[in-house]
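Here are the chains, one letter per residue:
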Amino acid sequence: MAKKAETVNMVDRFDEFKELKNIDKTTMISVLEESFRNVIAKMFGTDQNFDVIMNPDKGDCEIYQNLTVVPDGEVEDDVKEISLTDALEIDPECEVGEEVAKQIFFEKFGRRAILNLRQTLQSKILDLQKEAIYSKFKEVEGEIISGEVHQIWKKEMLLIDEDQNELIMPKEEQIPGDFFHKGDVVKAIVKRVDNPQNNPKVIVSRTDERFLRRLFEQEVPEIHDGLITIKQVARVPGERAKIAVESYDDRIDPVGACVGIKGSRIHGIVRELRNENIDVINYTSNPQLFIQRALSPAKITSIRLNEEEKKAEVFLHPNEVSLAIGKGGLNIRLATMLTGYTIDVYRDIEEDEEDIYLDEFRDEIDGWVIEALKDLGLGTAKAVLNAPQEILDQADLEDDTIAHVMEVLRAEFED
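The model shown is predicted, which means the values in this text are computed figures rather than measured ones.

A. Layout of the sheet that holds strand β12 (residues 277-282). The 3 strands are arranged β10-β11-β12 in an open sheet whose pairing can be described as mixed. Because the sheet does not close on itself, it has two edges, and the strands there are β10 (228-236) and β12. Ignoring strand direction, the axes of neighbouring strands in this sheet form an average angle of 20°. Across 6 bridges, the pairing between strand β11 (residues 240-247) and β12 is parallel. If you follow Ala 244 over to β12, its bridge partner there is Ile 281.

Structure (structure tokens):
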């Protein structure tokens, strides 16, 4: 009865390992067997003539010691040999020179050995689980995942996925308009998997540009099927994004397919991104045409490219300049991100209109001030003089500096 009770007790001890997630059964059995063999080797000095039979479905383990039968009184190594009399109690038909398998029961291990075995197992299983989690999420980096909000802190939020894995979403990976409550289900992409000291940490993001890509793949079957390709993405999370698409089938309008009838496809993406405005444009390998499309809705009169330095000087009618720049310089910033070209916007000067490029004033105006104004598309004197105050405010210059610039520019035309 004592032996049976001990066996049942061990079933209870290791039953918890039956339902392990992320660990395949073969690996689990291997680790369990290795742990038992370590204990056996410490107890007997070797584990070579022992069989360890794991049955994780039942949660039990059987250990057999393979012993060579020798005549009574001639046992020299009781770890590897057994007397004939003792062997006959195990197998009544055995003979000298044969092997018998003697079952080893857990009560022989002692309480401390069993406790050490349990701790070793727990440690190895924990390491296995961590390795499995790291591998699982490393394979899906850049893919969309859903998790339930479990806890919200000042600098990050904890999500739990359907397999009870923890996902961390730092504040900077949340869209500015995001506001969640505990229990909300949140979509994000797996941005990266950190693994400091074998302690995997899954970082998810809603601001990464790949999140926008994956949402389009989900909403637009032609992208999912490979008929339309997303070539470039530029995004300021929660505000605006530009996405360049290309179709491999002339019969498919890539922009129309992405937007959908009456915006049916893109509206769902916009809602998911907290009303982030999305411009979908046709991709082209022609840099001039691509820059022109990227600056939409502004209409360009001409472009001068420096392909070596990846710079573009764009000329527009005065009333188009503010459209090209966009609110807060957002449109030109996204166009630069999308095309890879540094874009300077200039008013297209009519032949009968007198104007001077700002660079001509570098002896009177600091260069960094001129660059700040050019970043807003104000590349000429009259562009600055005619710019609305709200545009000038975006340069983030002191009032005295703006006043000095205006004074210098007005003096030029008064002369």
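Now that the structure is up, let's keep going.
B. Structural detail: the pattern of salt bridges. The final tally for this structure, using the stated rule, is 26 salt bridges. The residue Asp 163 makes a salt bridge to Lys 136 at a minimum N-O spacing of 2.9 Å. Separated by 27 residues along the polypeptide, Asp 163 in the loop between β6 (156-160) and β7 (166-170) and Lys 136 in helix α4 (residues 111-138) bring together distant segments of the chain. Using a relative accessible area of 26% as the deciding quantity, one classes Lys 136 as partly exposed. Where Arg 214 meets Glu 217, a salt bridge forms, and the shortest distance between an N and an O atom there is 3.0 Å. Residue Arg 214 and its partner Glu 217 are located together in helix α5 (residues 209-219), separated by 3 residues, close to a single helical turn. Where salt bridges share partners, they join Asp 178, Arg 206, Glu 272 and Arg 274 into one cluster.

C. Main features of the sheet that holds strand β8 (residues 185-194). Strand order in the closed barrel made by the 5 strands is β5-β6-β7-β9-β8, with mixed pairing throughout. Sheet twist, expressed as the average angle between the axes of neighbouring strands with direction ignored, equals 55°. Taken together, the 5 bridges between β8 and strand β9 (residues 201-205) define a ladder with antiparallel strand orientation. Bridge assignment links Val 190 to a residue of β9, and that residue is Val 204. The strands that α4 touches are β5 (144-152), β7, β8 and β9; relative to β8, the one it contacts most, it runs at about 110°.

D. Spotlight on the pairing of strand β2 (residues 60-70). With respect to burial, β2 is a largely interior element, 8 of its 11 residues being buried. The pairing of strand β1 (residues 50-55) with β2 spans 6 bridges and is classified as antiparallel. If you follow Asp 51 over to β2, its bridge partner there is Tyr 64. Here β2 runs beside strand β4 (residues 99-104); their pairing, made up of 6 bridges, is antiparallel. Paired with Tyr 64 across the strands is Gln 103, a residue of β4. Looking at chain direction, β2 and strand β3 (residues 81-83) are connected through 3 bridges and run parallel. Each residue of the ladder has a partner; that of Thr 68, found in β3, is Glu 81.

E. Geometry of the side chain of Ser 35. Here Ser 35 lies in helix α2 (residues 25-44). With relative accessibility at 1%, the residue Ser 35 sits in the buried group.

F. Main features of the side chain of Asp 161. Assignment of secondary structure puts Asp 161 in the loop between β6 and β7. Buried and unpaired, Asp 161 has no salt bridge, with Lys 136 as the nearest side chain of opposite charge at 4.3 Å. Setting aside residues up to four positions removed in sequence, Asp 161 forms contacts with Lys 136, Phe 137, Ile 145, Ser 146, Gly 147 and Leu 167.

G. Structural detail: the packing of helix α10 (residues 318-325) against helix α11 (residues 330-339). Packing of α10 against α11 brings their axes to within 5 Å, and their N-to-C directions diverge by 65°. In terms of orientation, α10 and α11 fall into the roughly perpendicular class. Facing Leu 323, Ala 324 and Ile 325 of α10, the residues of α11 in contact are Leu 330, Asn 331 and Ile 332. Of the residues assigned to the contact of α10 with α11, the class counts are 5 nonpolar, 1 polar and no charged.

About the criteria used
- Residues numbered from 1 in each chain as written.
- Predicted model: local features only at pLDDT ≥ 70, side-chain atom pairs only at ≥ 80, totals over all residues.
- Heavy atoms only, no water.
- Pairing = 2+ DSSP bridges.
- Helix = DSSP H or I, 4+ residues; strand = E, 2+ residues; numbered from the N terminus.
- Axes fitted to C-alpha atoms, helices over the stretch in contact; angles between N-to-C directions.
- Salt bridge = Lys/Arg side-chain N within 4 Å of Asp/Glu carboxyl O.
- Buried < 20%, exposed > 50% of the residue type's maximum accessible area, 1.4 Å probe, protein only.
- Contact = heavy atoms within 4.5 Å.
- Lys, Arg positive; Asp, Glu negative; His and termini not counted.
- Parallel < 35°, antiparallel > 145°, perpendicular 65-115°, else oblique.
- Nonpolar A, V, L, I, M, F, W, Y, C, P; charged D, E, K, R; others polar.

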